[in-house]
Amino acid sequence: MISERVMSSKYMEWAKTRSKARFNLATSGIDSYPLAELPVTIEDLEISGPSFYGYPPLVKAIAERHGVPPESVVAATGTSGSNHLAMATLIQTGDEVLIETPTYELIVSTALYLGARVRRFERSFENGFRLDPERIERTIGNSTKLVVVTNLHNPSGAFTDESTLREIGQIARKAGARVLVDEVYLDAAFDLAPRTSFHLGDHFIVTSSLTKVYGLSGLRCGWILAAPELAERMWRLNDLFGVIPAHLAERVSVIALGNLEKIADRSGALLGANTPLLDRLFGDSSGLTSITGRRGTVAFPRLDCGRVDELCNLLRDKYETSVVPGKFFGVPGHLRIGIGGDTEMVSEGLSRLSTAVSEIT
Ligand SMILES: Cc1ncc(COP(=O)(O)O)c(C=O)c1O
């Protein structure tokens, strides 16, 4: 159990100041989608508009996309802002929160910042980083208020199916807890076309955004899907955070949501080209061992021999390539590789990674 209040994110500082490289495999999203590709005219770019408890056309577009009532949609600043707002609404100081490990560091630091007592349950490499309901059942207690998971899993790209999530929901409900599912990578499981876990019951709360799968991070278009009563509480709490969002970004987000199939096609094509390059690297007895069945933009292989810090330094200094050291996910023997970038860059980055791994092992 950890409960020390956190006032910063070591991972975010590293990502913002030290992850850049010519061959950047440290990012977890799809290459940025250019504004020029969106059918935007200057008339669309109005600066001020009716955005109070949500800009109605944006709320409607998000609701329609997920087949949920507009009263269940809360717009927020990216998935990060959505996670923060959702957790701030659901967690009181001293509440127990169960969070998967490994996971995206900001989820843990945000819960700790909010004064939660955080318990972790493992998604193990040996089990393909799968979510294991039994582990959650063993860790959950009567004072647990929230269980937090990611789907797809960051950092491994493991997919969790609906029946497993439903089982986790039943365990949580029995203990009087809710389940928060961060689905920022979910739409990248193109072949499965999964639906949001919001539909599994009103004890499920979902967060997502246009960031990772659509290359639209700059819009900061995030959302929470929650039961209407909860959503209402989130809107009210949001008044303490930022009052209203940048309206211009809301307008462009509506246009992006109206063209999402085209944007998704580009992402699907990019992953279709880049995933076999990654599979080839793992298949080459490269000194990196990955889980099978991963999907989406990231992988989290184990370095079979040698130290990850040493590999990352060599990669950066000699090969102008960056990956994310597993220590940021609490698993120092692994590294996270992102494959959402331009294919030529990803291909060269993976080839340099392969050379660096052989050099240190
Ligand atoms: C699981 C997870 N949630 C949220 C985010 C941040 O998303 P956004 O840019 O929409 O705030 C990330 C970014 O890496 C992430 O990995």
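This text goes with the structure placed above it.
Residues numbered from 1 in each chain as written. Predicted model: local features only at pLDDT ≥ 70, side-chain atom pairs only at ≥ 80, totals over all residues. Heavy atoms only, no water.

Student: Is there a simple way to think about the overall build of the protein in this case?
Tutor: A tally of helices and strands in the protein yields eleven helices and 14 strands. The C-alpha radius of gyration of the protein comes to 20 Å, within 12% of the 21 Å expected for a compact globule of 361 residues. Burial status across the protein gives 55% buried among its 361 residues. Here the analysis covers contacts within the protein between residues at least 6 apart in sequence; of these, 77% occur between residues at least 24 apart. Each charge class in the protein was averaged separately, 38 positive and 43 negative side chains, and the resulting centres sit 4 Å apart. (Helix = DSSP H or I, 4+ residues; strand = E, 2+ residues; numbered from the N terminus. Rg over C-alpha atoms; globule rule 2.2 N^0.38 Å. Buried < 20%, exposed > 50% of the residue type's maximum accessible area, 1.4 Å probe, protein only. Contact = heavy atoms within 4.5 Å. Lys, Arg positive; Asp, Glu negative; His and termini not counted. Charge placed at Lys NZ, Arg CZ, Asp CG, Glu CD.)

Student: Can you walk me through the packing of helix α2 (residues 56-66) against helix α8 (residues 247-258) in this structure?
Tutor: Helix-helix packing: each pair is described by the crossing angle between the helix axes and the interaxial distance. Two numbers describe how α2 lies on α8: the axes approach to 9 Å, and their chain directions differ by 30°. In terms of their interaxial angle, α2 and α8 are classed as roughly parallel. Judged by the sense of rotation from one axis to the other, the crossing of α2 with α8 is left-handed. Of the residues in α8, those touching α2 at Pro57, Leu58, Ala61, Ile62 and Arg65 are Glu250, Ser253, Val254 and Leu257. Partitioned by chemical class, the residues of the contact of α2 with α8 number six nonpolar, one polar and two charged. (Axes fitted to C-alpha atoms, helices over the stretch in contact; angles between N-to-C directions. Parallel < 35°, antiparallel > 145°, perpendicular 65-115°, else oblique. Left-handed = near helix turned anticlockwise from the far one by under 90°. Nonpolar A, V, L, I, M, F, W, Y, C, P; charged D, E, K, R; others polar.)

Student: Hey, could you run me through α8 in this one?
Tutor: For the α-helix, the turn length of 3.6 residues means that residues three or four positions removed from each other point alike. The terminal C-alpha atoms of α8, which comprises twelve residues, lie 17 Å apart, in line with the 16 Å expected from a rise of 1.5 Å per residue. Considered for burial, the residues of α8 that qualify are His247, Glu250, Val252, Ser253, Ile255, Ala256 and Leu257. Looking at the buried side of α8, the elements it contacts are α2, β8 (221-225) and α9 (260-283). (Expected span 1.5 Å × (residues − 1).)

Student: Is there a simple way to explain the packing of aromatic side chains in this structure?
Tutor: Think of a pair of aromatic rings as described by two things: how far the centres are apart, and how the planes are tilted against each other in angle. What the rule picks out here adds up to nine aromatic pairs. Among the aromatic residues, those joined into a ring-pair cluster are Tyr11, Trp14, Tyr104, Phe125, Phe129, Phe300, Phe328 and Phe329. (Phe/Tyr/Trp six-rings, centres within 6.5 Å; stacked < 30°, edge-to-face > 60°.)

Student: So what exactly am I meant to see when it comes to the site of the ligand here?
Tutor: Residues in contact with the ligand amount to 14 residues; listed here are only the nearest, Ser80, Asn154, Asp182, Tyr185 and Thr211. Note that an oxygen atom of the ligand is positioned 2.7 Å from one of the backbone N or O atoms of Thr79. In this structure, an oxygen atom belonging to the ligand sits 2.7 Å away from a side-chain N or O atom of Thr211. Computed on the free molecule, the ligand has an accessible area of 400 Å², of which 95% lies beneath the protein chains in the complex. The residue makeup of the shell around the ligand, split by class, is three nonpolar, eight polar and three charged. (Near = heavy atom within 4 Å. Polar contact = N/O pair within 3.5 Å; in protein donor to acceptor, adjacent residues only side chain to side chain. Areas by Shrake-Rupley, 256 points an atom, 1.4 Å probe, with all protein chains shown as cover.)

Student: Please explain helix α7 (residues 228-238) as it appears in this structure.
Tutor: Every buried residue of α7 is listed here: Leu230, Ala231, Met234, Trp235 and Asn238. Projection of α7 onto a plane perpendicular to its axis shows the buried side chains occupying an angular sector of 145°, all on one side. (Arc of directions from axis to C-beta.)

Student: Honestly, the sheet that holds strand β5 (residues 144-150) in this entry has me stumped. Any pointers?
Tutor: Paired through backbone hydrogen bonds, the strands of a sheet run either parallel or antiparallel to each other. Within the open sheet, the seven strands sit side by side as β2-β8-β7-β6-β5-β3-β4. Their pairing is mixed. Whereas interior strands pair on both sides, the edge strands pair on one side only; in this sheet they are β2 (73-77) and β4 (117-122). This sheet shows a mean twist of 25° between the axes of neighbouring strands, independent of strand direction. Pairing between strand β6 (residues 178-182) and strand β7 (residues 204-209): four bridges, direction parallel. Residue pairing in the sheet places Asp182 in a bridge with Thr207 of β7. Packed onto the sheet, helix α6 (residues 162-175) meets β5, β6 and β7 and runs at close to 145° relative to β6. (Pairing = 2+ DSSP bridges.)

Student: Just checking my understanding: could you explain the pairing of β4 for this structure?
Tutor: Regular strands show a simple pattern: their side chains alternate between the two faces of the sheet. Bridge analysis of strand β3 (residues 96-101) against β4 gives six bridges, and the strand direction is parallel. Counterpart to Thr101 in the pairing with β4 is Glu122. Crossover handedness for the path β3 to helix α4 (residues 105-113) to β4: right-handed. (Right-handed = clockwise from strand over helix to strand, strands pointing away.)

Shape is all these values report; function is a separate question.
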